[in-house]
Amino acid sequence: MDSTSSAAWYAQLAKPFFAPPAWVFGPVWTMLYIVIAISFGFVLVQTLRRRLPFVVLLPFILNLLFNAAYTPIQFGLRNNLLASLDIVLVLGTLVWAMRAIWGPARWVALVNIPYLLWVAFATLLQLSITWLNR
């Protein structure tokens, strides 16, 4: 996946009026990855210590997998439709993860609110890009 050609490909796509400039994504995702790492790490450790059941960890694992798959799908395969499906799965597993952890460790759900807001926005953006470039 060549970042220069991927950036050029993304730049030529039709985008909705609310699409942020490309440079915004790096800093936002950097901050969100910190939240994701802390959240996942906490839930993983608590599950390994048998303080949380695996069913609480499962949506966090799936969320990480779908999140990690997005960039190769969108910029490697350059497949907007598959990227749309993937981002919907990222959003769905995030909501599931937040609900699963709400009772045992509410703070984990609360610190993920910025991630939820961004992924909801990213989902709308991706679905719009997919529609505009069909």
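Given the structure is predicted, the values throughout are model-derived calculations rather than measurements.

Parameters at a glance
- Residues numbered from 1 in each chain as written.
- Predicted model: local features only at pLDDT ≥ 70, side-chain atom pairs only at ≥ 80, totals over all residues.
- Heavy atoms only, no water.
- Phe/Tyr/Trp six-rings, centres within 6.5 Å; stacked < 30°, edge-to-face > 60°.
- Helix = DSSP H or I, 4+ residues; strand = E, 2+ residues; numbered from the N terminus.
- Buried < 20%, exposed > 50% of the residue type's maximum accessible area, 1.4 Å probe, protein only.
- Patch = residues over 30% accessible without salt bridge, like charges linked within 9 Å, V, L, I, M, F, W, Y side chains within 5 Å.
- Areas by Shrake-Rupley, 256 points an atom, 1.4 Å probe, with all protein chains shown as cover.
- Salt bridge = Lys/Arg side-chain N within 4 Å of Asp/Glu carboxyl O.

**Notes on the packing of aromatic side chains**
Here the structure, examined in full by the defined rule, presents 10 aromatic pairs. With a centroid separation of 6.4 Å and an interplanar angle of 80°, the aromatic rings of tyrosine 10 and phenylalanine 25 are classed as edge-to-face. Of the two residues, tyrosine 10 sits in helix H1 (residues 3-12) while phenylalanine 25 sits in helix H2 (residues 25-48), which places them 15 residues apart along the sequence. Seen from their ring centres, tryptophan 29 and tyrosine 115 are 6.1 Å apart, and the 75° between their planes marks the pair as edge-to-face. Highlighted residues: tryptophan 29 in helix H2 and tyrosine 115 in helix H6 (residues 113-132), separated in sequence by 86 residues. Exposure remark for tryptophan 29: the relative accessible area of 16% places this residue in the buried category. Using a relative accessible area of 1% as the deciding quantity, one classes tyrosine 115 as buried. Here a set of aromatic residues connected by ring pairs shows up, and it is made of Trp9, Tyr10, Phe17, Phe18, Phe25, Phe75, Trp118 and Phe121.

**A closer look at a nonpolar patch on the surface**
A cluster of nonpolar residues, Met31, Ile34, Ile38, Trp107 and Val111, forms a patch on the protein surface that exposes about 470 Å² of accessible area. Residue contributions to the nonpolar patch peak at three residues, all from H2. Looking at the secondary structure, you find isoleucine 34 in helix H2. Classification of isoleucine 34 by relative accessible area gives partly exposed; the value is 44%.

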